Structures are given as structure tokens and as C-alpha cells.
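Results of the structural survey
Residue strings, one per chain:
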Amino acid sequence: MALLLERYPQVRHVHILLRPGKDCSAEERFWSEAAASPPLEPTVSRAGKEALRAKISVWDGDIAAPQCGLSRRALERLTGAVNLIINCAGKVDFLPPVDEAFRSNVDGVENVAGLAQRIGAKLLHVSTCYVCGEADGLIEETEPVVGFYPQRRGLDDFTFRNDEELRHTRALIRQIYESANLDESTTRPRPRDLTQRLTALGKQRAAGWGWANTYTYSKSLGEQIISSTNGLEYSIVRPPIVESAWRFPFPGWIEGGRTAAPMVLMALDGLKDWPVREDAPLEVVPVDMVAAAILIVAHLLLRGLHEPVYQLGSADTNPITLGSVVALLHKEAKKRARRNGRTGPAGILLNRLTARRGRSRMRFLSAEQVEERQRKFQQTIARTEHWVGSMKEVLRRTGLPGRQLLDNWSAELRKMDLQARFRQQVLDQYLPFVLYNRYIFESENIRAAYASLSEPDRQLLPWTPEKIDWKDYWVNNQIGGIEKWVQPQAVRDWKFKV
Ligand SMILES: NC(=O)c1ccc[n+]([C@@H]2O[C@H](COP(=O)([O-])OP(=O)(O)OC[C@H]3O[C@@H](n4cnc5c(N)ncnc54)[C@H](OP(=O)(O)O)[C@@H]3O)[C@@H](O)[C@H]2O)c1
């Protein structure tokens, strides 16, 4: 939206559907949060809040609710007044309880498609390249959307029926709620056991068909709903991993820290054993290029010149392997350790240790090695805890001093164990994308779309992944951006946990 308003100030009107805040309306939330954010704030300052208020309407809504939670008055006002809906709402956690994923990625998409039809708008839907599921190699963007499942054996395999899958999973969700004597619409905190069962259900439905997680499974179901909505004019835009800005609003800007941030922070923290496939391309695209691509597709969709699917990969023109990215991060971590050199006797000792840490080599681990290391580590922790426990008992019986020290060791061991488990959990979520599969996303449609623009529009909406110097991007935009813009609180929490 920031790119649209900044590069195309002549845009007539933008309607925004937003969930209200805890204590404020969507409108208040928009002007206090979004309009004040680094990408939008400069445009708001330049154009003036009042001038922008005249061309921006903010509606309280929730795509998971019927008619996206819009009032009758809002629907009347929007009918015939909106040419295009861009749906970028989504539940992006990889393994949420399945009903939560469904609310935004399935029911929500159904509601948005219905809204588009009702008010006479076209629909641009933001999905993800990873709807392809478990795979190895080139992922074509011409594969039909309806009836797709990752284990599909050719175009005459009609095993997967989206409507049946939806019916089946929704029935299972209902059963889980009924067995807990709860209503699905409850706003009370759910018992832990219920959440676990709903999470397990999502995992199981996804894995059964070959999707890597509940997120990609639910996003694929959403795509299939759109594709099978009669009479709807739509395009589906599939980014891969969206990361820090290349140029707009400025190099390195990023919000949230869900995808690469934990890995970057782990690398800077000194992680050396990487469960990644060294030769696999890492499909990352800067957020401003994704925004540009969305506007390019919007333009073609409005003119009726669109394709059904646009993948926004970078590896089919400008690949960088995971091995190279990890090596870059590792080198940067060593540099920083040296730069943060300390003084004084304790500092010199720490510098020595850090320097030694920095010299040790990083390694790429296979899935088996990951499991083996995890097992050995847990064994060592258990043995040490047992030894500490026995020593405590001896001290208790003999009355000798030293119990406090052993208590501290116990606490330290528990912390190490938790840290290792959490680190493993984070890595586990990434394994389908960095270890078990290898993806290159064919992105011919967006290249052709970009080439069809006039030269001035190409300047305003650069879709140029082939121009990215990945080394410069990873060191300056990514590491720099994550350190500066990923919520300091989130980083602190994450570091605390890891
Ligand atoms: N990040 C990536 O690497 C990536 C890659 C590929 C595709 N995508 C897709 O890009 C889109 C945006 O993702 P993101 O990374 O920007 O995620 P994000 O920061 O979590 O943003 C998702 C947005 O969706 C909104 N939303 C979720 N459920 C909603 C509902 N029921 N009604 C209204 N709004 C709802 C959220 O609203 P609140 O602010 O009210 O919570 C949030 O603003 C998603 O569709 C995602 O699948 C992202």
C-alpha cells in the first residue's frame, strides 16, 4: 500500500479492511499503527493526513466472519465502487491449530471471494510458492490449481477433491470441539489438550497429502476455493520467503521476524552445525519486490490481461545456495565477534574464547546427523543431571557444604536443556524448506508481466531479482535490517528462549 500511494499518488481511492484493535476501531488502528510505520509515514507526511483521509477508507472487518464482517451499510457503499480486492490477510504460523489456519486461510478466502462477487470486484489473492508441498526441483506455475495435492501422480489423478477435504476436516474439527464440550466460536481460552489435538489434526491432514505443514496445506485449500469460484476474475500471487526490503522504503526495512530472522540470529549467536542442504537454492525475495509484483499483477488483472498464477521466485534467474548463505552468515558472525573485542584480563580471556569459537568450522548436517546429535545431547544432559542429583544426596547426608553450587548447576542444566529443545523446535519447522526438499520456482509469468510494462512503470515497480547482489543483500539488508527493525522485544524473547 505504501508503494502504491508513494509511486501512484493519482490512485483514486483505497478501501482497507482491518480487524479492530483491542481498544480501538480499525480506523484508529490504521492511522496510529500502519500510517505511522516506516514505509507509509513519509508518504503520509508529504501528502498530509487530511488529503490522504479523503482517499483512504478504513473498514472494521474480519475475513473469517460472514461477508468479511462488513455491515450492510459498508456493503452498499462498496458495491460497484471497488474494481479490485487485494487479499493479503493470512495466518502465517507454520503449525497452528487447524481451525485457526482455516479461519484466515480457508473460510476467510471463501468469504473474500464471495465479497468480490457481491460487490463486483476482481480478486488478487496472495498465497505462497510452498503450496507445492514436498518436492524436488523446478516447480511449474502452470500446474492446475484445482485438484492439486503434492503427491499427485499426473493430471488424470483426481484423488484430491477440495470440497471433500474441507467437509472432512471441518467435521473432524467439530468432533474435537464436541468431545471437549465446547463451542467452536468460544472466545474463552481453550484447554491445552484441545489446542494440541487441533494442531495434531492440521499436521496429520497436511502430511497425509504431502504438504509440509498446516500453513501450506490451508493456503492450498484457499487457492482451490478461489480457482473453483464460478465467474470470479482472479490472479493468485505466490511469493516464496519474503525478507528485508531491497530499496523501498529504504534498504533493510522489515517488519516481524518470522522467517529468516531466527536463523540469522542463531548464526550471529555462533551456531555452527547447520541442518541444511548445502546445494539447495534459497528462494528469498525482498518485500518491496513482492509489493511491486503485486501491483504489476493488479494492473494486468484490471485490464483483463492476467494469468491465473504468478510465482515470485528469485532462483530461476539469480540463485544463491543455502550453503553460500550460511557461509556468509558464519563469516559475518566471526567478524562481529572480533569487532566486539573486549579489554581487561576477563575481556582478553573472552576474546580468546570467541576467537576460538570463530575459527571452528561450520558443518552441514544430514537429517540423521541432526537426530543423532539431539539424542546424544539429551543423554549427556540426563547423565549430568543424574550425577548432580547423586552429589546433592551425598552432601545432604554428610552435611558437607556445596549444595548451593549444585543447585545452580541444576538450574543451568535445565536452562541448557530448554534452550536446546527450543532451538531444535525452531530448526525443525524449517527442515522441510531447507533440508528435506529442494525448490526452484518457475517465475516466467511475472517476468513477462514486468516486461509488458512501459519504461516509466518499470522504474516505479521494479521486479528485478536478477539484479540483487546476494552477498551485499544478506550482509547489509538482511542482517542489518533484522538487527534494526525486527521488534527488539521479539529478539529479546527469542534470545532468552534460545
Ligand atoms: N512472510 C512471508 O515470507 C510470506 C511468504 C509467502 C506468502 N506470504 C503471504 O503473505 C501474506 C501476508 O503475510 P505476512 O508475512 O505479511 O504476515 P503477517 O505479518 O502475519 O500479516 C498477516 C496479516 O493478515 C491479517 N489477518 C489475518 N487473519 C485475518 C482475518 N481473519 N481478518 C483480517 N485480517 C486478518 C493480520 O491482521 P492482524 O494485524 O489483525 O493480526 C495481519 O495483518 C499472507 O497471506 C501470507 O500467506 C508471506
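What you see is a predicted model, and the numbers here were worked out from it, not measured in a lab. (Residues numbered from 1 in each chain as written. Predicted model: local features only at pLDDT ≥ 70, side-chain atom pairs only at ≥ 80, totals over all residues.)

Moving on to the nonpolar core. Counting residues in hydrophobic clusters, the biggest one holds 105 residues, and the most contacted among them are Ala-293, Ile-294 and Val-297. Among the elements that line this core, the one with the most residues is helix 11 (residues 287-302), at 12 residues. Not counting the four nearest positions on each side in its chain, Ile-294 is found in contact with Ile-86, Leu-124, Val-126 and Val-237. (Core = buried A, V, L, I, M, F, W, Y, C linked by C-beta atoms within 7 Å. Buried ≥ 20, exposed ≤ 12 C-beta atoms within 10 Å, placed from the backbone. Helix = DSSP H or I, 4+ residues; strand = E, 2+ residues; numbered from the N terminus. Contact = placed C-beta atoms within 7 Å.)

With that out of the way, let us pick up the environment of Gln-429. Locating Gln-429 in the fold gives a position in helix 15 (residues 403-436). By the C-beta count within 10 Å, which is 17 here, Gln-429 ends up partly exposed. Ignoring anything within four residues of it in the chain, the contact list for Gln-429 reads Phe-94 and Leu-95.

What follows covers the site of the ligand. The environment of the ligand is formed by 20 residues, the closest being Arg-19, Ala-89, Gly-90, Ser-104 and Val-242. Elements represented by at least two residues in the shell around the ligand include exactly helix 6 (98-119) and strand 7 (241-243). Here the element with the most residues in the shell around the ligand is helix 6; it accounts for 3 residues. Taken together, the residues of the shell around the ligand sort by class into 9 nonpolar, 6 polar and 5 charged. (Near = placed C-beta within 6 Å. Nonpolar A, V, L, I, M, F, W, Y, C, P; charged D, E, K, R; others polar.)

The next subject is the sheet that holds strand 4 (residues 122-126). Strand order in the open sheet made by the 4 strands is 3-4-6-10, with parallel pairing throughout. Each edge of the open sheet is held by one strand with a lone partner, namely strand 3 (84-87) and strand 10 (309-311). On average, adjacent strands in this sheet sit at an angle of 15° to one another, irrespective of strand direction. When strand 6 (residues 234-238) meets strand 10, the two strands line up parallel, connected through 3 bridges. (Pairing = 2+ DSSP bridges. Axes fitted to C-alpha atoms, helices over the stretch in contact; angles between N-to-C directions.)

Before going further, it helps to examine helix 14 (residues 367-398). Because an α-helix completes one turn every 3.6 residues, residues spaced three or four positions apart along the sequence face the same direction. Across its 32 residues, helix 14 extends 47 Å between first and last C-alpha, which sits within 8% of the 46 Å expected from 1.5 Å per residue. Burial runs low along helix 14: only 0 of the 32 residues are buried. Remark: Gly-399 follows helix 14 within two positions and exhibits a positive phi of approximately 75°. (Expected span 1.5 Å × (residues − 1).)

Regular strands place their side chains on alternate faces of the sheet. Within strand 6, 5 of the 5 residues are buried, which leaves the element mostly enclosed by the surrounding structure. Of the two faces of strand 6, the one holding Tyr-234, Ile-236 and Arg-238 and the one holding Ser-235 and Val-237 are both buried throughout. For strand 4 and strand 6, the ladder comprises 4 bridges, and the chain directions are parallel. In the strand pairing of strand 6, Val-126 is matched with Val-237.

What follows concerns the confidence of the model for the protein. Averaged over every residue, the pLDDT of the protein is 90; residues scoring 70 or more account for 93%. Overall, residues 494-498 carries pLDDT values under 50, and its contacts beyond four positions in sequence, including any with other chains, amount to 8 contacts. (pLDDT = per-residue confidence, 0-100.)

Among the secondary structure elements, Thr-169 is positioned in helix 7 (residues 162-179). When the C-alpha atoms of Thr-169 and Arg-205 are compared, they prove to be 7.8 Å apart, with 36 residues separating the residues in sequence. Ignoring any residue separated from it by four or fewer positions in sequence, one finds Thr-169 in contact with Val-98 and Arg-205.

The linkage connecting Phe-248 with the following residue, Pro-249, adopts the cis geometry, with an omega of 0°. When you line up the elements, Pro-249 lands in the loop between strand 7 and helix 10 (261-268). Although it is not a glycine, Gln-67 sits at a positive phi angle of roughly 50°. Judged by local crowding, Gln-67 falls into the partly exposed class, with 16 C-beta atoms found within 10 Å. Phi at Cys-68 takes a positive value of approximately 55°, unusual for a residue other than glycine. Among the structural elements, Cys-68 can be located in the loop between strand 2 (56-60) and helix 5 (72-78). Using a count of 22 C-beta atoms within 10 Å as the deciding quantity, one classes Cys-68 as buried.

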